[in-house]
Structures are given as structure tokens and as C-alpha cells.
Amino acid sequence: METNNEEKGKCPFGKDVQVPKVDFTNPEFIQNPFPVYAYMRETSPIKKVSFGNGQAFWMVTKYEDAIQIFRNPIFVKDIRKVTPQEGKESAMNNSMLFSHHLLNMDPPEHTKMKRLIQKAFTPKLVEKMRPQIQKMANDLIDVKVATADSMDIISEYALPLPISIISELLGIPSKDKELFRRWSNIILNIDSNVSAEERMTLIPSAIQGFTEYLHQILDERRKQPKEDLITALLQAQEEDENLNEQELLSTIFLLFAAGYETSVNLIGNGILLLIENPSQLDKLRQNPTLIHSAIEEMLRKDPPVLLASERYPIEDTEINGTLIPKGELVLICIGSANHDECKFVEPDKFDIERKDNKHLSFGSGIHFCTGASLGKVEAEIAICTLLERFPHFSLAENTVLKFKMNSIMRGLDKLPIVFTTADHSVL
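Residues numbered from 1 in each chain as written. Predicted model: local features only at pLDDT ≥ 70, side-chain atom pairs only at ≥ 80, totals over all residues. Heavy atoms only, no water.

In this section: the packing of helix 14 (residues 291-301) against helix 16 (residues 372-389). Here helix 14 crosses helix 16 at 115°, and the two axes come no closer than 10 Å. The angle between helix 14 and helix 16 places the two elements in the roughly perpendicular class. For the element pair helix 14 and helix 16, the recorded crossing hand is right-handed. Two secondary-structure elements touch here, helix 14 through Ile291, His292, Ile295, Glu296, Met298 and Leu299 and helix 16 through Lys376, Ala379, Glu380, Ile383 and Cys384. Grouping the amino acids of the contact of helix 14 with helix 16 by side-chain chemistry returns seven nonpolar, one polar and three charged. (Axes fitted to C-alpha atoms, helices over the stretch in contact; angles between N-to-C directions. Helix = DSSP H or I, 4+ residues; strand = E, 2+ residues; numbered from the N terminus. Parallel < 35°, antiparallel > 145°, perpendicular 65-115°, else oblique. Left-handed = near helix turned anticlockwise from the far one by under 90°. Contact = heavy atoms within 4.5 Å. Nonpolar A, V, L, I, M, F, W, Y, C, P; charged D, E, K, R; others polar.)

Taken together, three strands build an open sheet; the order of strands is 6-12-11 and the sheet is antiparallel. At either margin of the open sheet sits one strand with a lone partner, and together these are strand 6 (150-152) and strand 11 (393-395). In this sheet, adjacent strand axes meet at a mean angle of 30° when their direction is disregarded. Where strand 6 and strand 12 (residues 416-419) come together, three bridges link them in antiparallel fashion. Following the sheet pairing, Ser150 is matched in strand 12 by Val418. (Pairing = 2+ DSSP bridges.)

What follows covers the packing of aromatic side chains. Here the structure, examined in full by the defined rule, presents 16 aromatic pairs. Between the aromatic rings of Phe24 and Phe57, the centroid separation amounts to 6.1 Å while the plane-to-plane angle is 35°, which identifies the pairing as tilted. Taken together, the positions of Phe24 in the loop between strand 2 (16-18) and helix 1 (27-31) and Phe57 in strand 4 (residues 56-60) put the pair 33 residues apart, joining distant regions of the chain. Note on accessibility: Phe24 and Phe57 belong to one class, buried. An aromatic cluster is defined as three or more aromatic residues linked by ring pairs; in this entry it consists of Phe180, Trp183, Phe210, Tyr213, Phe253, Phe256 and Tyr260. Over the aromatic face of Phe344 sits the side chain of Arg300, whose NZ or CZ is 5.4 Å from the ring centroid. Positioned above the aromatic ring of Phe403, the side-chain terminus of Arg410 is 3.6 Å from the ring centre. (Phe/Tyr/Trp six-rings, centres within 6.5 Å; stacked < 30°, edge-to-face > 60°. Buried < 20%, exposed > 50% of the residue type's maximum accessible area, 1.4 Å probe, protein only. Lys NZ or Arg CZ within 6 Å of the ring centre and 35° of its normal.)

On to the pairing of strand 4, then. Of all five residues in strand 4, four are buried; the element is thus mostly enclosed. Sheet topology places strand 3 (residues 46-50) next to strand 4; five bridges connect them, and they run antiparallel. Residue pairing in the sheet places Ser50 in a bridge with Ala56 of strand 4. The hairpin formed by strand 3 and strand 4 contains five residues between the paired strands, and Gly54 there has a positive phi angle of roughly 90°. The sheet contact formed by strand 4 and strand 10 (residues 330-332) spans three bridges and is parallel. Looking across to strand 10, one finds that Met59 is bridged to Leu331.

What follows concerns unusual backbone geometry. For the bond from Pro107 to Pro108, the omega torsion is 5°, close enough to zero to count as cis. Relative to the helices and strands, Pro108 resides in the loop between strand 5 (75-76) and helix 4 (109-120).

Turning our attention to the packing of helix 12 (residues 245-276) against helix 14. It is at 9 Å that the axes of helix 12 and helix 14 come closest, and there the two elements cross at 100°. Compared by their axis directions, helix 12 and helix 14 come out roughly perpendicular. Together, Leu266, Gly270, Leu273 and Leu274 of helix 12 and Ile295, Met298, Leu299 and Lys301 of helix 14 make up the contact between the two elements. When the residues that make up the contact of helix 12 with helix 14 are grouped by side-chain class, the tally is six nonpolar, one polar and one charged.

This part is about the environment of Pro278. Among the secondary structure elements, Pro278 is positioned in helix 13 (residues 278-286). Here the alpha-carbon distance between Pro278 and Ser394, two residues 116 residues apart in the chain, equals 9.9 Å.

Here is the structure:
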């Protein structure tokens, strides 16, 4: 692997290593960025790096620095507040769909929008979904039991489960959920098999298809309301004239995209962590009540999102001795902050009974993820159901695990497992 001479030295683990540079186009870095994060925390906790497209940004790797930025109103989400170039796309804004959603808003607009979403996305609604989520998980496993002694956790379990759930919550017909997924994958650059050139061609048609489809759904809900999130948001719009059509479309898109991809990654990464740590898997198998703390540890150890959404200081700001100029892009590296030795004891150890596990996988402050409770419930049910139905499973033979080539999210392409007995013979 190519190394950057400026980043050679001794890493926090106490071994002399050749530390590769931050390179979001390098498959080896994508597969395991954590040693690089560790070296950055020790040598340059706030450092200017760039994406493969040349877009530069300040990467924040330590926990306390991340908390300070998460909660500091000097760091805003709307780039138009710090640059005269209105309409300029940021590193994570791939289209106009993203110009008016919750992640790119600041108070008071953010306060209004989050209040409306929380009004529709209540814990009561999430709890009401538990029996349905459980049935979906059982049905997916039943299909595999009847046909095979193995399954790909990602495509056959972790993916269809949250897509079905968020589609149900929003009110998207089951027959259309795959169409929604294809559109969001193109716009959010989730599919690592699609080249940048192909995406630039596909994005306009995906945006158009998404927009036309949603207008149709919105018209239907105005005429015939249902008990779903789209109807709830429409009703909220009627009660608040300040919620415009673009905000409505953007919010629905964000809820769908964020409502499934992060959950897919959480379930897949979590199951892999259990496979790689058999003592912890055995502990959870023997005591399923540990699932809540286990999910929190999965979120910390190998989070579904590595880089938080963008922020920009509205004035020159110094954080931990580093001056960040006004208007420059800042991204908090959740994957690094969750492994900060100054915050977590033995951060590279996977411990499902870890105490004081205040990870940053859902952010912090006013932008704390609204869908956090749903994501955790989905993962709890998915993993507990798998363990209940098949207490013993292992990676399929000759498996080469690969994480998707994505600089923002962290998730596996595939996770093939075989169901086994206690002595590891195939069922």
C-alpha cells in the first residue's frame, strides 16, 4: 500500500508501522480505516484532507473536539450562511433534493422541521411497529429455512427488513420500495458498483422519477389520508404554512434513505462483529437481555456512518489549537471519535457489556438522529431473531469480506453465513 512519508511513525498501539494516508479511493483504507484514524488522533487530530474528487475538508478525529463542534452554534449546516455562492453544492449535497432537508438546516428552520418530524415519528409509533418488525424478520428467515442452510445476511436479511419497515412507516406501497431504493442509491452514491460517470448520467432521471412519484403519492394522501408518516407530514404542512413543498419532498427522501441504509449497515456490521468475537457471541446467546448494550457497542465499534454531515464555521474558529477558517468544510469522523482512547477504555475491544458507552454514531446536540430509536429496535429484533432461530452460524467457506467503496457510510457488500450445530457441522 502506498504510504505518505509525513505519516510514518509510531501509532497509539505501540507498534512501529507505516501508516497509509487518508485516501477514500484506496480499497485498503476503506476496508480498515481505523489504524489511520488512531494515528491521526495522536499526531493531527484535526487535519485537512480531501475526497477522491479533490474536495478538501477538515477531518475531526477526537471525541471531545467532535462534541465541541457538534454543540457549537458557530458551526452551521447551511453553506449559504458563510459563502455568497448561493446554490453551491457541498461535498455531501448531490442534488437539489438535499437543499432543504433536516441535515442542512440551522435554527430556527431546523427547530421547526425537527418538531414536525418528531411529531410524526414518535416512540409510540416505533413501539407499535415491534410485532410487525418481528413478523418480517421471522418471514425472511422462514424463506431461507425452507430452501437452504445458508444465507447472505446483507441481501436476504439486513436489507429487505429495514426497507420494508421504513416503506410501511412512510406509506410507500410494497411493490414500489425497490424502485425507491434504486433512486436513493443513485443519488446518495451508495452502490459501489456504479462509476462516477454513470452516476452523473443516472442522477437526473433518478431525481425526476423520485419527484414525480412522490407528487403522485402526496396527491393521493391529500384525497385519502392514511395512518402513515407521509400523511402526518402533510397534516403538519397544513398546520404550518412555512413548510413548503420542497422541504416536504426532501424530508420524505431523507427519512427513506436514512431509514434503511444505516440500519442495513448496523445489522450487517453487528453480526460480523459477533462472528469475529465468538466469546461475545456466546455471551449474548446465553443472555439475550444483553442485546441493548450489544447494539450500543456495535454502533460504537463499527458504526454504520463514518463521517457526520457537513458543518461550516461562520467565523475563523480555533478548536484544540487548530484554526479553521470561516466557511471551510468540517466533517466529524464518527468512526474515529468512537475509538478515542481518551474517552473509551480499550476502544478497539468489542465488549457487549461496556459501561458508559456514549458513542457518537447518532451525533450529538440538536442534530441528534431522529430515527435512532427505530434503527436500534430494528437491529435488536433482527439479531435476536437470528440467534433465536439459529444459535450457531459461521462465515461461509472461502469468504472474502469487502466493505462498500463509500467514504461516508460503512457497510458490507455481502455477508454469507451458514447455519451450523454447536459442533459447527452444517444443519
